[in-house]
Amino acid sequence: MVFNNTFSIFDLIVLIGLTQGVVCGILLLRTKRNARSNRFLGLAVLFFSFLCTKMLLHTLNLWDTHLLRYFPNSAELIIAPLMYFYVVFLVVPDFKWHKAHLIHFFPFFVFQAYAIVVYSLTLGHTDFAQKDILAD
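None of these values were measured; they are calculated from a predicted model. (Residues numbered from 1 in each chain as written. Predicted model: local features only at pLDDT ≥ 70, side-chain atom pairs only at ≥ 80, totals over all residues. Heavy atoms only, no water.)

*Asks:* Break down the packing of helix 2 (residues 35–59) against helix 3 (residues 76–91) for me, with residues and values.
*Replies:* For the pair helix 2 and helix 3, the least separation of the axes is 8 Å and the interaxial angle reads 160°. When the axes of helix 2 and helix 3 are compared, the pair comes out roughly antiparallel. Between helix 2 and helix 3 lies a crossing of left-handed hand. Mapping the contact onto sequence places Arg36, Ser37, Asn38, Phe40, Leu41, Leu43, Ala44, Phe47, Phe48, Leu51 and Lys54 in helix 2 and Glu76, Ile78, Ile79, Leu82, Met83, Phe85, Tyr86, Phe89 and Leu90 in helix 3. A class-by-class count of the residues in the contact of helix 2 with helix 3 yields 15 nonpolar, 2 polar and 3 charged. (Axes fitted to C-alpha atoms, helices over the stretch in contact; angles between N-to-C directions. Helix = DSSP H or I, 4+ residues; strand = E, 2+ residues; numbered from the N terminus. Parallel < 35°, antiparallel > 145°, perpendicular 65-115°, else oblique. Left-handed = near helix turned anticlockwise from the far one by under 90°. Contact = heavy atoms within 4.5 Å. Nonpolar A, V, L, I, M, F, W, Y, C, P; charged D, E, K, R; others polar.)

*Asks:* Give me helix 3: which residues, what numbers.
*Replies:* Given a rise of 1.5 Å per residue, 16 residues ought to cover 22 Å, and the 24 Å separating the end C-alpha atoms of helix 3 matches this to within 8%. Within the sequence span of helix 3, burial applies to Ile78, Ile79, Pro81, Leu82, Phe85, Tyr86, Val88 and Phe89. Those residues of helix 3 that are buried are in contact with helix 2 and helix 4 (106–122). (Expected span 1.5 Å × (residues − 1). Buried < 20%, exposed > 50% of the residue type's maximum accessible area, 1.4 Å probe, protein only.)

*Asks:* I'd love a proper account of the nonpolar core, names of residues and values included.
*Replies:* Buried together is how nonpolar side chains tend to be arranged in soluble globular proteins. Counting residues in hydrophobic clusters, the biggest one holds 13 residues, and the most contacted among them are Phe40, Ile78, Leu82, Phe85, Phe89, Phe95 and Phe105. Going through the elements one at a time, helix 2 and helix 3 are the ones with two or more residues in this core. Take this core: its biggest share by element is 6 residues, from helix 3. In contact with isoleucine 78, not counting residues within four places along its chain, are Phe47, Phe105 and Phe108. Judged by nonpolar contacts, the second largest core, of 5 residues, contains Val14, Leu18, Cys52 and Leu56. (Core = buried A, V, L, I, M, F, W, Y, C linked by side-chain atoms within 4.5 Å.)

See below:
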């Protein structure tokens, strides 16, 4: 295992952005003004912040640790539908949410389930070559 012991200015900027995104996302979820649209925006900001953890895993070489090798993070697939529904709720004030709209989130759920299965299968192995074979 090779660890990157340096914490660069890039890592600091990503960490500050991640923290700022989490705070902003929580505040958007709690606001009462435009509550329906702001819920989707708040979730999009939170998932985008969660996506920044993927960059930190790679730049800090945490990807080469046993527990974080195949950490399940497919946040990039949920940001687009969340932003879509944010805009729809802003533009169409009387928009009605139906269960059929959940189809937009189907790719995220499928890939996240797959990532969790791969992560749980590889978690018991300590050899990275075995982990890569199982993941493939």
